[in-house]
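Chain by chain, the residues run as shown.
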Amino acid sequence: MTERIAEIIAERRALEVRQAWDAVLRTREGRLVMWSILERCHLFAQTHLGTDLDGLRAGQREVGLMILNERIFPHDVRTFAAMQIEHAELMDRIQLAAEQQVEKEQADE
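Residues numbered from 1 in each chain as written. Predicted model: local features only at pLDDT ≥ 70, side-chain atom pairs only at ≥ 80, totals over all residues. Heavy atoms only, no water.

Draft legend 1. Inspection of the packing of helix α2 (residues 28–40) against helix α3 (residues 54–75) at higher detail. The contact between α2 and α3 brings their axes to 8 Å, and the two run at 145°. For the pair α2 and α3, contact is made by Met-34, Ile-37, Leu-38 and Arg-40 and by Gln-60, Gly-64, Ile-67, Leu-68 and Ile-72, respectively. (Axes fitted to C-alpha atoms, helices over the stretch in contact; angles between N-to-C directions. Helix = DSSP H or I, 4+ residues; strand = E, 2+ residues; numbered from the N terminus. Contact = heavy atoms within 4.5 Å.)

Spelled out as structure tokens, the structure:
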């Protein structure tokens, strides 16, 4: 009986976690947060730079790959593509805003 209770607890917790991931990945804001975590995990950058931190960065990258492979890819085949597009659009907006701010600052001088 104790084993069955533990099994039910594990199943229910796994369901709650899947539902939480779904809630995060269904929103633009949640996908942006996940993108920022993947960036922090060096998923889109070189991890081996010939320094003492190479091992740490490689370990962080493993965490990022786990998130990608176990949570993002299985969520929906379009989720990661949406994240890429949304990030590119965000960076375009930020670039444009920065250029406009510099133009305004130069005009004010």
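Text resumes after the structure shown.
Draft legend 2. Looking closely at α3. Its 22 residues place the ends of α3 30 Å apart at the C-alpha level, agreeing with the 32 Å of an ideal helix rising 1.5 Å per residue. Leu-68 marks the point of greatest bend in α3, at about 35°. Turning to α3, its buried residues number three or more, namely Asp-54, Arg-57, Gly-64, Ile-67, Leu-68 and Ile-72. Summarising the contacts, the buried residues of α3 are in contact with α1 (2–25), α2 and α4 (79–108). (Expected span 1.5 Å × (residues − 1). Bend = angle between axes of the 7 residues up to and from the residue. Buried < 20%, exposed > 50% of the residue type's maximum accessible area, 1.4 Å probe, protein only.)

Draft legend 3. Broad picture of the pattern of salt bridges. One pass over the full model with this rule turns up seven salt bridges. Its salt-bridge partner being Glu-7, residue Arg-4 comes within 2.6 Å of it at the nearest N-O pair. In this pair, Arg-4 and Glu-7 both sit in helix α1, three residues apart, roughly one turn of the helix. By relative accessible area, which is 43% here, Arg-4 ends up partly exposed. Looking at Glu-7, the relative accessible area reads 40%, which means it is partly exposed. We note a salt bridge from Asp-22 to Arg-26, for which the minimum N-O separation is 2.7 Å. Of the residues examined, Asp-22 reaches a relative accessible area of 27% and is grouped as partly exposed. (Salt bridge = Lys/Arg side-chain N within 4 Å of Asp/Glu carboxyl O.)

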